[in-house]
Amino acid sequence: MVMFSGIKCSTAHMSKQDYEIFADNAHRDRPWIHDTYYGYLLIFREYRHPGLMLKDLGISKSVRKLIYTMMKTHGVEILNFDRDADTIDGFETFDW
């Protein structure tokens, strides 16, 4: 059995542009971005430098910072951005 460490947070942590980038890439051959209808599930377990992958896609620095911090501080391998989830204190939010 393989177990993963994950966290769920609000899509308010991403800008509209970030959301659109994830939407566009979830429908391409990106096995680490999944559309959940309520947001996006990002699976970083198999990738060494997910921040660079996100930067190459054009994802904002604020989203990359959140993901990097969650990975380094909490060992997160999966991040679920969900429209109904809570925001995480100390990280930027967007009102769109």
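Shown above is the structure to which this text applies.
What counts and how
- Residues numbered from 1 in each chain as written.
- Predicted model: local features only at pLDDT ≥ 70, side-chain atom pairs only at ≥ 80, totals over all residues.
- Heavy atoms only, no water.
- Helix = DSSP H or I, 4+ residues; strand = E, 2+ residues; numbered from the N terminus.
- Rg over C-alpha atoms; globule rule 2.2 N^0.38 Å.
- Buried < 20%, exposed > 50% of the residue type's maximum accessible area, 1.4 Å probe, protein only.
- Contact = heavy atoms within 4.5 Å.
- Areas by Shrake-Rupley, 256 points an atom, 1.4 Å probe, with all protein chains shown as cover.
- Lys, Arg positive; Asp, Glu negative; His and termini not counted.
- Charge placed at Lys NZ, Arg CZ, Asp CG, Glu CD.
- Pairing = 2+ DSSP bridges.
- Axes fitted to C-alpha atoms, helices over the stretch in contact; angles between N-to-C directions.
- Phe/Tyr/Trp six-rings, centres within 6.5 Å; stacked < 30°, edge-to-face > 60°.

A look at the overall build of the protein chain
No. 1: For the protein chain, the helix and strand inventory stands at 3 helices and 4 strands.
No. 2: Along the protein chain, helices (α) and strands (β) appear in the sequence β-α-β-β-α-α-β when read from the amino end.
No. 3: By the compact-globule yardstick of 12 Å for 96 residues, the protein chain fits well, its C-alpha radius of gyration being 12 Å.
No. 4: Along the first, second and third principal axes, the C-alpha atoms of the protein chain reach 40 × 30 × 25 Å.
No. 5: In the protein chain, which comprises 96 residues, the share counted as buried stands at 40%.
No. 6: Sequence separation of at least 24 residues holds for 68% of the intrachain contacts in the protein chain that already meet a minimum separation of 6.
No. 7: On the protein chain, roughly 6,200 Å² of surface is accessible, and the fraction owed to carbon and sulfur atoms is 48%.
No. 8: Once the 12 positive and 14 negative side-chain charges of the protein chain are each reduced to a mean point, those two points are 7 Å apart.

Re the sheet that holds strand E4 (residues 78–82)
No. 1: In space, the 4 strands of this open sheet follow the order E1-E4-E3-E2, with mixed pairing throughout. Of all strands in the sheet, those bounded by a partner on one side alone are strand E1 (6–10) and strand E2 (33–35). Adjacent strand axes in the sheet meet at a mean angle of 20° when their direction is disregarded.
No. 2: Packing against the sheet, helix H1 (residues 16–26) makes contact with E2 and strand E3 (39–43), and its axis sits at approximately 65° to E3.
No. 3: Strand contacts of helix H3 (residues 61–74): E1, E3 and E4, with the helix running at about 135° to E4, the strand carrying the most contacts.

Some points on the packing of aromatic side chains
No. 1: Counted under the stated rule, the structure contains 6 aromatic pairs.
No. 2: Aromatic side chains Tyr19 and Tyr40 sit 5.1 Å apart centroid to centroid with 70° between the ring planes, which places their arrangement in the edge-to-face category. Taken together, the residues Tyr19 in helix H1 and Tyr40 in strand E3 connect sequence positions 21 residues apart.
No. 3: In this structure Tyr19 comes out as partly exposed when scored by relative accessible area, which is 23%.
No. 4: Taken together, the ring pairs connect Tyr19, Phe22, Tyr40, Phe81 and Trp96 into an aromatic cluster.

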